[in-house]
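Below are the chains, spelled out letter by letter.
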Amino acid sequence: MDTKKPSSRSDALTPALDADALELFARVAKAGSFSLAARQAGQTRAAVSRRIAYMEQRTGQALFLRTTRSLTLTATGRRLLPHAIAVLDAAEQARGTLTSVRAGLAGSLRITSLPSFGTMVLPPLLLKFHALHPEVNYDLLLSDRRVDLLREGVDIAFRVTSRPPPDWVARPYLQFHVGAWCAPGRWGPMQRPEELTPAPLLLLGPVSMNPEMHWVRRDGTDAVICARAPAAVQSDDLTVLVRLAEGGMGVVLAPSYCVQDAVAAGRLVELLPDWSLNIRQGNTVQLLTLPRPQLSAVARAFAKFVLDQAPALPQSHSP
């Protein structure tokens with residue numbers, strides 16, 4: 001008589017959801033491609049596809065929605081992803097520890113931010129962190145679109161928001177204000193926002209999306225709503241607009257962190273020093289991470305490093 005106990009469902013799923021499978025799933029989800037994930041893992045595309053299909057078959061849950069042109073996570077896949085990323089990061093950290101020729105961290109870090117912050121503020125932070133941990137590599141996603149942090153496998157996000165995603169830990173990093181800036185001697189200084197009307201404006205984004213300018217006095221005692229004048233130049237790249245303002249082409253409306261170097265060097269001055277544009281999302285760059293148990297060692301170290309650096313960065317006073 002066979003007295004062997006039947007395997008439990010948990011035991012049956014173990015091969016499907018072991019560390020290797022979870023690591024492979026995380027690679028596919030972060031890469032958004034079976035082929036790219038296969039190259040990263042040193043496997044064939046067919047082998048990766050079979051392993052993911054096996055996971056789905058044994059768990060009875062689809063993890064990806066597949067079309068001929070895209071690969072996206074299902075709701076089940078999104079719930080599984082942070083756990084799989086933790087496994088992947090742990091594996092990469094372990095490999096990095098064994099192969100690193102220097103003491104320090106090793107692994108990968110995916111960071112997202114607005115293009116303006118990523119261009120103006122992020123590079124010196126990365127350079128300093130790289131000097132401490134040369135084995136870390138980076139994937140930078142600089143975009144104005146609302147990045148789905150979990151689905152796109154983001155480790156660190158810098159976001160201007162008064163409502164951080166509920167599943168993420170948000171810590172204030174940098175306060176700023178949006179002001180009006182121009183080359184010295186061109187216009188101003190000005191006392192009221194209405195005085196900006198004759199000046200050629202250099203504006204970020206389509207003017208039709210924001211036909212009014214809501215200005216607030218930085219001591220909180222007054223507010224003004226002005227019709228936005230036609231732009232002399234409009235662009236989706238704030239760096240270009242700042243450079244044009246430095247050359248005397250007009251007045252750029254920009255966050256203070258974007259112009260701090262130009263102001264310090266005397267290439268730009270502030271036209272309305274007592275006023276700032278009222279921004280719906282707030283006036284603070286937040287550092288967003290997953291909760292600590294889901295955060296890789298590399299991400300934890302970078303977040304701590306960035307927050308430690310914050311007091312040394314030029315800070316504007318809060319509006």
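Since we're looking at a predicted model, the values are computed, not measured. Along each chain, residue indices are assigned from 1 in the same order as the chain's sequence is written. For this predicted model, a pLDDT threshold of at least 70 governs which residues receive local features, and a threshold of 80 or more governs which side-chain atom pairs are given and counted, while totals over whole chains, interfaces and linings are taken from all residues. Only hydrogens and water are removed before side-chain values are computed, so all heavy atoms of the structure are retained for them.

### So, the overall build of the protein
Put simply, the rule is: Strands are runs of DSSP state E lasting at least two residues, helices are runs of H or I lasting at least four, and both sets are numbered from the N terminus onward. Burial here depends on accessible area, computed with a 1.4 Å probe over protein chains only, as a share of the maximum for the residue type. Under 20% is buried, over 50% is exposed, and the range in between is partly exposed. Residues are treated as being in contact if the distance between any of their heavy atoms lies within 4.5 Å.
Looking only at helices and strands, the protein has 10 helices and 15 strands in total. For the protein, with 319 residues in total, the buried portion stands at 45%. Expressed as a percentage of contacts within the protein between residues at least 6 apart in sequence, the contacts between residues at least 24 apart total 76%.

### Focus on the nonpolar core
How we decide: In plain words, nonpolar cores are sets of buried Ala, Val, Leu, Ile, Met, Phe, Trp, Tyr and Cys residues tied together by side-chain atoms within 4.5 Å.
Counting residues in each nonpolar core, the largest one holds 66 residues, and the members touching the most others are I156, F158, Y173, W215, V285 and F302. With 6 residues, helix 10 (residues 297-309) is the largest single contributor of residues to this core.

### Comments concerning the side chain of H177
Note the following rule: Polar contacts, as used here, are pairs of N or O atoms within 3.5 Å; protein pairs need one atom able to donate a hydrogen and one able to accept it. Residues neighboring in sequence count only if both atoms are side-chain atoms.
One can find H177 in the loop between strand 6 (169-175) and strand 7 (178-182). At 2.9 Å, the side chain of H177 and the side chain of E270 are in polar contact.

### A look at helix 9 (residues 256-264)
Along helix 9, the residues classified as buried are S256, Y257, C258, V259 and A262. In this structure, the buried residues of helix 9 make contact with helix 6 (115-120), strand 6, strand 7, helix 8 (238-246), strand 12 (251-255) and strand 15 (284-289). Count one or two residues on from helix 9 and you reach G266, which has phi positive near 80 degrees.

### So, the packing of aromatic side chains
Aromatic rings in a pair are described by how distant their centres are and how their planes are angled relative to each other. Short version of the rule: Side-chain rings of Phe, Tyr and Trp (the six-membered ring for Trp) are treated as a pair once their centres are within 6.5 Å; stacked means planes under 30 degrees apart, edge-to-face means over 60, and tilted covers the remaining angles. Geometrically, a lysine NZ or arginine CZ counts as sitting over a ring once it is within 6 Å of the ring centre and also within 35 degrees of the ring normal.
Applying the stated rule across the entire model yields 9 aromatic pairs. Taking the centre distance of 5.4 Å and the plane angle of 55 degrees together, the rings of F129 and F305 count as tilted. Here F129, found in helix 7 (residues 122-132), pairs with F305, found in helix 10; they are 176 residues apart in sequence, far enough to count as distant. Judged by relative accessible area, F129 falls into the buried class, the value being 1%. Among the aromatic residues, ring-to-ring pairing joins F117, F158, Y173, F176 and Y257 into one connected group. When the ring centre of W187 is taken as reference, the NZ or CZ atom of R186 above it lies at 5.0 Å.

### Details of the sheet that holds strand 15
To keep things clear, this is the line we draw: A pair of strands is treated as paired once DSSP finds two or more bridges between them. Fitting a line to C-alpha atoms yields each axis, with helices limited to the stretch in contact; the angle taken between N-to-C directions then spans 0 to 180 degrees.
The strand order across the open sheet formed by 5 strands is 4-3-5-15-6, and the pairing between neighbours is mixed. This sheet does not close on itself; its edge strands, each paired only once, are strand 4 (135-142) and strand 6. Here the average twist between neighbouring strands, direction ignored, is 25 degrees. Summarising the sheet, strand 3 (residues 106-113) and strand 4 pair through 8 bridges and their orientation is parallel. Residue pairing across strands places S108 opposite N137, the latter belonging to strand 4. Taken strand by strand, helix 10 contacts strand 3, strand 4, strand 5 (156-160), strand 6 and strand 15, and its axis lies near 55 degrees from that of strand 3.

### Things to note about helix 7
Where we set the bar: Along the arc lie the directions from the helix axis toward the C-beta atoms.
Those residues of helix 7 not exposed but buried are L122, L125, L126 and F129. Along the axis of helix 7, the buried residues cluster in a sector spanning 95 degrees; they form a single face. Opposite the packed face of helix 7, turned more than 90 degrees from it, sit the exposed residues L127 and A131. Packing partners of the buried residues in helix 7 comprise strand 3, helix 6, strand 4, strand 5, strand 6 and helix 10.

### Some thoughts on the environment of L109
The topology assignment puts L109 in strand 3. Here the alpha-carbon distance between L109 and S296, two residues 187 residues apart in the chain, equals 9.0 Å. L109 has contacts with V136, N137, Y138, D139, D155, I156, V298, A299 and F302, leaving out every residue within four places of it along the chain.

### With respect to the pairing of strand 5
Of all 5 residues in strand 5, 5 are buried; the element is thus mostly enclosed. Because side chains alternate across strand 5, one face comprises the buried residues I156, F158 and V160, and the other comprises A157 and R159, equally buried. Relative to strand 5, strand 3 runs parallel, the two being bridged by 3 bridges. Counterpart to S113 in the pairing with strand 5 is F158.

### Focus: the pairing of strand 15
Across a regular strand the side chains alternate sides, sitting on one face of the sheet and then on the other. By the criterion of burial, strand 15 is predominantly enclosed, with 6 of the 6 residues buried. Taking every second residue as pointing to the same face, both faces of strand 15 are buried, with T284, Q286 and L288 on one and V285, L287 and T289 on the other. The pairing of strand 5 with strand 15 spans 4 bridges and is classified as antiparallel. Residue V160 lies in a different strand from strand 15, and its bridge partner there is V285. Here strand 6 pairs with strand 15 via 6 bridges, running antiparallel. By the bridge assignment, P172 is partnered in strand 15 with Q286.

### Focus: the packing of helix 7 against helix 10
Rules: By definition in this entry, angles of less than 35 degrees are roughly parallel, angles greater than 145 are roughly antiparallel, angles of 65 to 115 are roughly perpendicular, and the rest are oblique. Left-handed is the label given to a crossing in which the near helix is rotated counterclockwise from the far helix by less than a right angle, and right-handed is the label when the rotation is clockwise.
Their axes nearest at 11 Å, the elements helix 7 and helix 10 cross at an angle of 120 degrees. Between helix 7 and helix 10, the crossing angle belongs to the class labelled oblique. Handedness of the helix 7/helix 10 crossing: right-handed. Here L122, L125, L126, K128, F129 and L132 of helix 7 come into contact with helix 10, specifically with V298, A301, F302, F305, V306 and Q309.

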